[in-house]
Amino acid sequence: MIIPVPVLAVEAEKILGVVQLKLHEMDIYPERESWIGSLFVEPKYGGKGIGSALANKIVTIAADFGIKELYLQTEAVDGGLYQQLGWHSIETVRSRGVDVTVMVRKIDV
């Protein structure tokens, strides 16, 4: 397995958004290996399902790698989009001066 794995959303040679499958996103969780990170959608393309598609693509890639649990951190302390996509909150912690919710997604492999 070669990680990180970047995924781009592209249309007509324009990058609309990006996300990565990463290793060890947060130092306070050395036992939690696989993370979704750096999800970003260009603001003018927001609300079109691009973020959801990117997040779901990383879940599919993780499943292909045999990963059974995938983690993320989000500043949306209520879980925001990720909760709607089936992610579950573990806890809220302070990271780099910001409150973030740490979430997990179980993957059937």
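Above: the structure in question.
Residues numbered from 1 in each chain as written. Predicted model: local features only at pLDDT ≥ 70, side-chain atom pairs only at ≥ 80, totals over all residues. Heavy atoms only, no water.

**Brief notes about the environment of Tyr-82**
Then step 1. Note that Tyr-82 resides in helix H2 (residues 80-84).
Then step 2. Spatially, the C-alpha atom of Tyr-82 lies 9.3 Å from that of Arg-105, the residues being 23 residues apart in sequence.
Then step 3. Discounting residues that sit within four places of it in the chain, Tyr-82 has contacts with Leu-39, Ala-55, Leu-72, Thr-74, Trp-87 and Met-103. (Helix = DSSP H or I, 4+ residues; strand = E, 2+ residues; numbered from the N terminus. Contact = heavy atoms within 4.5 Å.)

**Description of the nonpolar core**
Then step 1. Ranked by internal contacts, the top residues of the largest apolar core, which has 25 residues, are Leu-21, Ile-36, Ile-50, Leu-54, Ile-58, Leu-70 and Trp-87.
Then step 2. Going through the elements one at a time, strand S1 (5-11), strand S2 (14-23), strand S3 (34-41), helix H1 (50-64) and strand S4 (69-74) are the ones with two or more residues in this core.
Then step 3. Take this core: its biggest share by element is 7 residues, from H1.
Then step 4. If near-sequence neighbours (up to four positions away) are discounted, Leu-54 is found in contact with Val-7, Leu-8, Ala-9, Gly-17, Val-18, Val-19, Leu-39, Phe-40 and Val-41.
Then step 5. Counting 8 residues, the second largest nonpolar core, distinct from the first, contains Tyr-29, Val-93, Val-102 and Val-104. (Core = buried A, V, L, I, M, F, W, Y, C linked by side-chain atoms within 4.5 Å. Buried < 20%, exposed > 50% of the residue type's maximum accessible area, 1.4 Å probe, protein only.)

**Brief notes about H1**
Then step 1. Taking 1.5 Å as the rise per residue, H1 with 15 residues should run 21 Å; its terminal C-alpha atoms sit 21 Å apart, in good agreement.
Then step 2. When H1 is considered as a whole, its buried residues turn out to be Ile-50, Gly-51, Ser-52, Leu-54, Ala-55, Ile-58, Val-59, Ile-61 and Ala-62.
Then step 3. Structurally, H1 contributes buried residues whose contacts are with S1, S2, S3, S4, H2 and strand S6 (98-106).
Then step 4. Of the residues trailing H1, Gly-66 is marked for its positive phi of about 85 degrees. (Expected span 1.5 Å × (residues − 1).)

**Looking at the packing of aromatic side chains**
Then step 1. One pass over the full model with this rule turns up 3 aromatic pairs.
Then step 2. For the pair Tyr-29 and Trp-35, a centre-to-centre distance of 6.2 Å together with 35 degrees between the ring planes defines the contact as tilted.
Then step 3. Measuring from ring centre to ring centre gives 5.6 Å for Trp-35 and Tyr-71, while their planes differ by 40 degrees; the resulting arrangement is tilted. Here Tyr-71 lies in strand S4 and Trp-35 lies in strand S3, a separation of 36 residues in the sequence. The exposure classification of Trp-35 matches that of Tyr-71, with both residues buried.
Then step 4. Through successive ring pairs, a cluster of aromatic residues spans Tyr-29, Trp-35 and Tyr-71. (Phe/Tyr/Trp six-rings, centres within 6.5 Å; stacked < 30°, edge-to-face > 60°.)

**A closer look at the side chain of Thr-101**
Then step 1. For Thr-101, the position within the fold is in strand S6.
Then step 2. Reaching out from Thr-101, the side chain makes a polar contact with the side chain of Thr-92 at a distance of 3.2 Å.
Then step 3. Apart from the residues lying within four places of it in its own chain, the contact partners of Thr-101 are Leu-72, Gln-73, Thr-74, Ala-76, Val-77, Asp-78, Ser-89, Glu-91 and Thr-92. (Polar contact = N/O pair within 3.5 Å; in protein donor to acceptor, adjacent residues only side chain to side chain.)

**Some remarks on a nonpolar patch on the surface**
Then step 1. A surface patch of nonpolar side chains, about 280 Å² in accessible area, is lined by Leu-8, Val-10 and Ile-15.
Then step 2. Considering the arrangement of structural elements, one finds Val-10 in strand S1. (Patch = residues over 30% accessible without salt bridge, like charges linked within 9 Å, V, L, I, M, F, W, Y side chains within 5 Å. Areas by Shrake-Rupley, 256 points an atom, 1.4 Å probe, with all protein chains shown as cover. Salt bridge = Lys/Arg side-chain N within 4 Å of Asp/Glu carboxyl O.)

**Section: the pairing of S2**
Then step 1. In the sheet, S1 pairs with S2 via 7 bridges, with the strands oriented antiparallel. Bridge pairing links Ala-9 to Gly-17 in S2.
Then step 2. Sheet analysis places S2 next to S3, joined by 6 bridges and oriented antiparallel. Bridge pairing in S3 links Leu-23 to Ser-34. (Pairing = 2+ DSSP bridges.)

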